[in-house]
Amino acid sequence: MASDEMTGNGGETHQTAGGALPTLTTSQGLPIADGQNSLRAGPRGAGLLEDFILREKIFHFDHERIPERVVHARGYGAHGYFETYESLEAITRADLFQRAGERTPAFVRFSTVAGNKGSSDLARDVRGFAVKLYTQQGNWDLVGNNIPVFFIQDAIKFPDLIHAAKDEPDSGFPQAQTAHDNFWDFVSLMPESTHMLMWIMSDRTIPRSFRFMEGFGVHSFRMVNAQGKSTFVKFHWKPKLGMQSVMWNEAVKINGADPDFHRRDLWNAIQTGDFPEWELGLQLFDEEFAASFDFDILDPTKIIPEEVVPVRRVGRLVLDRVVDNFFAETEQVAFMTQNVVPGIDFTNDPLLQGRNFSYLDTQLKRLGGPNFAQLPINAPKCPFHHFQQDGHMAFRNPKGRVNYEPNSWGEGPREAPETGFRSVPAEEMGPKLRIRPELFADHYSQARQFFQSQTPVEQGHIRDAFVFELGKVQTPAIRARMLSRLRNVDEALAAKIADGLGMELPGAAAPARPVIELAPSPALSIQLNPPPSFAGRKVGAFVTDGTDMALLADLQAELAAEGAVLELVAPKVGGIISSSGEIVPADHALEGGPSVLFDAVALLPSEAAARMLAPVAVMRDWLADAHAHCKFVAHTASAAPLFEKAGVAMDGGYIPLAKPGDAAGFVTACRQLRFWEREPQVK
Ligand code: HDE
């Protein structure tokens with residue numbers, strides 16, 4: 001036995017009871033006798049070049065990282081399935097839509113766009129919503145976002161957009177945010193981005209979690225039936241739990257309290273069997289509608305309002321399995337817009353056409369060779385046969401002599417003229433030009449429609465977000481240029497932002513096409529589409545020694561019946577001794593469980609504890625934040641000293657818990673998610 005000094009492990013052995021664990025080896029299978037010490041010349045001597053075990057281990061470690069995605073670097077994935085509600089045979093021959101009840105395996109990766117892999121989840125940013133469907137006719141990737149429009153109309157502007165949005169190249173900051181000069185300089189010079197700016201300054205870019213956000217395919221695609229008939233389609237994902245966002249001040253604090261807030265939420269929901277679900281919605285329309293629409297359906301900065309073309313729900317996506325290994329699955333998954341299946345096709349949207357080039361290209365760089373489709377997460381789950389061979393890391397290698405076609409050996413795959421993929425034979429004619437269609441030049445009408453479709457509370461948040469972001473812009477001329485554009489969206493909004501910035505309102509920029517007055521679309525508002533219940537949400541209950549267990553149990557039961565979760569926050573994580581003398585473990589210590597982590601809060605301290613804790617800063621923040629973030633607050637009478645010290649004035653969002661039964665009223669109130677009536681008082 002080696003001495004403690006030589007093993008460096010304090011004398012502990014790593015034997016396990018029964019000794020059933022496998023032997024540690026090198027990657028070549030060599031059993032390792034000592035994994036704690038490198039080979040050296042004497043106890044205090046130099047390391048030896050001969051130590052191939054050290055060299056192999058460090059070599060592999062040095063190469064553990066692959067390049068992070070140039071955009072959407074931070075993301076989180078999960079497995080699940082898509083279930084078709086009804087046959088869509090009349091519209092598309094895509095195999096996954098043929099049979100009601102059929103389940104297609106799926107992998108979904110949610111992401112932010114601008115931040116690097118280690119950035120925080122609550123950055124104000126667009127969320128990626130990328131879905132890989134492993135159909136029986138190949139993989140179909142619907143690589144979408146949680147916002148249905150985009151900043152730019154042509155792929156040639158994408159590198160400029162992303163350069164401007166990401167950290168500035170000399171300083172390397174700010175990371176994961178658009179609140180800086182380069183971004184606002186670029187977008188204020190690109191009026192086509194105005195519609196998207198309204199969306200990103202809205203609460204859509206600070207979602208409560210991935211589970212509570214919509215997804216969109218953005219571009220117009222085509223569905224094609226067996227007769228070759230093509231129908232235009234816009235794809236939507238509708239969250240079963242409804243939409244929900246946090247407040248900006250809350251987002252800033254969540255980033256500090258739990259930078260992994262969104263990934264933890266998804267992981268926990270799946271692990272506890274509360275599987276997140278979205279319905280796939282289709283907006284289907286034909287050439288005739290496309291020709292009559294006020295906007296060009298090829299323009300990715302435009303939507304088709306749901307009130308104009310209703311969303312038909314055709315199936316559901318359920319995420320029911322977390323990954324086994326983050327790197328192998330979430331990091332190595334390669335989404336590609338060009339992964340379509342027979343029955344799905346592209347349109348001439350110039351952004352989509354550029355994407356179809358980019359996604360293949362980027363995988364070669366990121367995954368290091370042409371065989372990334374052989375990785376289990378990327379490989380189709382249907383039979384596939386081709387004659388591609390060799391290359392870096394080829395690990396599915398065919399047997400036999402036949403590696404080309406046509407061949408006369410009577411072996412190997414053949415084309416499928418009837419069932420294989422064929423592009424829609426759209427007529428393409430015209431001069432070769434670098435130009436955009438006329439209708440693409442309407443930059444403001446839908447931006448205005450979006451703003452006017454929001455509730456006053458949501459409009460206030462948009463205004464505040466512009467004031468915050470433009471307030472971080474150091475060059476006054478950039479702020480002024482942006483304001484001159486916003487005057488075309490809404491005069492009152494522009495004036496309020498100017499006021500918030502302490503600036504004069506500049507003259508309006510001349511729009512390239514006149515702004516059309518469009519009917520508001522209530523479907524665009526989060527608040528006008530409240531969730532069906534409080535299910536999937538989380539309440540944080542502050543408890544101390546002496547907490548009334550009957551009231552706590554009642555609260556727990558009501559939340560469980562609603563499908564919501566209760567977590568206990570206590571002065572110490574070890575827990576509390578309840579009124580009935582039992583030890584109840586806590587989920588969070590007060591310091592580690594700030595109220596921003598919860599959708600609503602409850603306070604059930606003993607009176608003595610409330611008096612003692614009232615002056616403590618963390619306690620005051622806990623309550624003051626819940627109040628400022630317009631949360632519903634359930635409380636026992638004994639919590640009164642806390643309110644006084646935190647300086648909060650109780651209002652209709654405060655619900656007393658005096659007797660069993662009161663918790664039901666609290667849970668009902670929580671279905672509204674926030675007590676927005678409070679916001680004017682706390683702003
Ligand atoms: Fe992407 N985008 N994109 N994008 N995108 C990538 O591909 C690109 C666009 C989207 O979770 C990259 O594998 C170009 C719109 C998502 O792995 C890259 C253009 C939409 C993801 C790329 C766009 C998206 C990406 C980087 C303009 C919403 C993450 C890594 C022509 C519909 C997928 C990668 C994942 C990722 C290029 C515009 C969504 C470089 C050139 C519009 C959700 O290929």
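Every value quoted in this text rests on a predicted model; they were computed, and no experiment measured them.

What counts and what doesn't
Residues numbered from 1 in each chain as written. Predicted model: local features only at pLDDT ≥ 70, side-chain atom pairs only at ≥ 80, totals over all residues. Heavy atoms only, no water. Helix = DSSP H or I, 4+ residues; strand = E, 2+ residues; numbered from the N terminus. Rg over C-alpha atoms; globule rule 2.2 N^0.38 Å. Buried < 20%, exposed > 50% of the residue type's maximum accessible area, 1.4 Å probe, protein only. Lys, Arg positive; Asp, Glu negative; His and termini not counted. Charge placed at Lys NZ, Arg CZ, Asp CG, Glu CD. Pairing = 2+ DSSP bridges. Contact = heavy atoms within 4.5 Å. Axes fitted to C-alpha atoms, helices over the stretch in contact; angles between N-to-C directions. Donors = N, O, S within 2.8 Å, 3.2 Å for Na, K, Ca; no water. Right-handed = clockwise from strand over helix to strand, strands pointing away. Domains from an automatic or database assignment.

A. Molecular detail of the overall build of the chain. Counting secondary structure elements, the chain contains 20 helices and 18 strands. Its C-alpha atoms give the chain a radius of gyration of 29 Å, within 12% of the compact-globule value 26 Å for 683 residues. With respect to the principal axes defined by its C-alpha atoms, the chain has extents near 90 × 85 × 55 Å. Within the span of the chain, comprising 683 residues, buried residues form 52% of the whole. A gap of 2 Å separates the mean positions of the 66 positive and 85 negative side-chain charges of the chain.

B. Quick look at the sheet that holds strand β17 (residues 633–635). Spatially, the 6 strands line up as an open sheet ordered β15-β12-β11-β16-β17-β18, and their pairing is parallel. Each edge of the open sheet carries a strand with a single partner, namely β15 (588–589) and β18 (654–656). Of the strand pairs in this sheet, strand β16 (residues 600–604) and β17 are connected by 3 bridges, and their pairing is parallel. Looking across to β17, one finds that A602 is bridged to A634. Each of β11 (538–543), β12 (565–570) and β16 touches helix α15 (residues 549–562); the most contacted strand, β12, lies at about 145 degrees to it.

C. Structural view of the coordination of the iron atom of the ligand. On the protein, Y359 (OH) is the one donor atom to the iron atom of the ligand, at 1.8 Å. One can find Y359 in helix α10 (residues 350–367).

D. Broad picture of the pairing of β11. Across the 6 residues of β11, 5 count as buried, placing the element largely inside the fold. Across 5 bridges, β11 lies against β12 in parallel orientation. When the bridges of β12 are listed, A541 appears paired with L568. For the handedness criterion, the β-α-β arrangement of β11, α15 and β12 is classed as right-handed. Pairing analysis gives 5 bridges linking β11 to β16, with the strands arranged parallel. Residue pairing for β16: F542 is matched across the bridge by L603.

E. View of the domain arrangement of the chain. What the domain assignment lists for the chain is domain 1 (1–32 + 50–64), domain 2 (75–164 + 207–374) and domain 3 (538–682). The C-alpha centroid of domain 3 is placed 49 Å from the C-alpha centroid of domain 1.

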